[in-house]
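# Observations on the model geometry
These are the residues of each chain, in order.
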Amino acid sequence: MAWRDRHDQGRTADAAGARLARHATASLAGLLAERGMTRKDLADSMGVSPGRVSQILSGDENLTMRSLAAVADALDLRMEISFSDSPSAERQGPAAARALAKTHH
């Protein structure tokens, strides 16, 4: 049973990572559009190939902090990472959120 729990947690983490990657790449694509920049413009700013930018913005690759930081630097942006209660914990109230947080330490 313990193996199954770990296996399910791994799948959950993979799904959460994929959602975050999609969110990050959609946000970056929106920023490029707002600035009237193409992927080639970003590639030039980063000093990488347009293919590398396509890899980053495809959302298919496991984005690293370094690749995201390089994009932020090239766009003269500050990158922030924050952690907050999940929507289900927020619906359950502060006591449930604290209890949930204790179980994940």
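Here is what the cut-offs are and how they apply
Residues numbered from 1 in each chain as written. Predicted model: local features only at pLDDT ≥ 70, side-chain atom pairs only at ≥ 80, totals over all residues. Heavy atoms only, no water. Helix = DSSP H or I, 4+ residues; strand = E, 2+ residues; numbered from the N terminus. Buried < 20%, exposed > 50% of the residue type's maximum accessible area, 1.4 Å probe, protein only. Contact = heavy atoms within 4.5 Å. Areas by Shrake-Rupley, 256 points an atom, 1.4 Å probe, with all protein chains shown as cover. Axes fitted to C-alpha atoms, helices over the stretch in contact; angles between N-to-C directions. Parallel < 35°, antiparallel > 145°, perpendicular 65-115°, else oblique. Nonpolar A, V, L, I, M, F, W, Y, C, P; charged D, E, K, R; others polar. Salt bridge = Lys/Arg side-chain N within 4 Å of Asp/Glu carboxyl O. Arc of directions from axis to C-beta.

Glancing now at the overall build of the chain. Scanning the chain for helices and strands turns up six helices and zero strands. If you list the helices and strands of the chain from N to C, you get α-α-α-α-α-α. Taking all 105 residues of the chain together, 20% fall into the buried category. Expressed as a percentage of contacts within the chain between residues at least 6 apart in sequence, the contacts between residues at least 24 apart total 48%. A total accessible area of about 8000 Å² is found for the chain, and carbon and sulfur atoms account for 54% of it.

Moving on to the packing of helix α2 (residues 39–46) against helix α4 (residues 65–74). When two helices pack together, you describe them by how their axes are tilted relative to each other and by the distance separating the axes. Two numbers describe how α2 lies on α4: the axes approach to 9 Å, and their chain directions differ by 100°. Relative to α4, the element α2 is oriented roughly perpendicular. On α4, the residues touching L42, S45 and M46 of α2 are A70, V71 and A74. Grouping the constituent residues of the contact of α2 with α4 by class yields five nonpolar, one polar and no charged.

What the rule picks out here adds up to two salt bridges. In this structure, D44 and K40 form a salt bridge, with 3.3 Å as the shortest nitrogen-oxygen distance. Residue D44 and its partner K40 are located together in helix α2, separated by four residues, close to a single helical turn. Among the salt bridges present, the one from E80 reaches R78, with a minimum N-O distance of 2.1 Å. Since its relative accessible area comes to 68%, R78 is described here as exposed.

Within α4, the full set of buried residues consists of S67, L68, V71 and A72. What you see down the axis of α4 is that its buried residues fit within an arc of 140°, all on one side. Exposed residues lying more than 90 degrees from the buried face of α4 are M65, R66 and D73. Just downstream of α4, D76 is the residue with a positive phi angle, here 55°.

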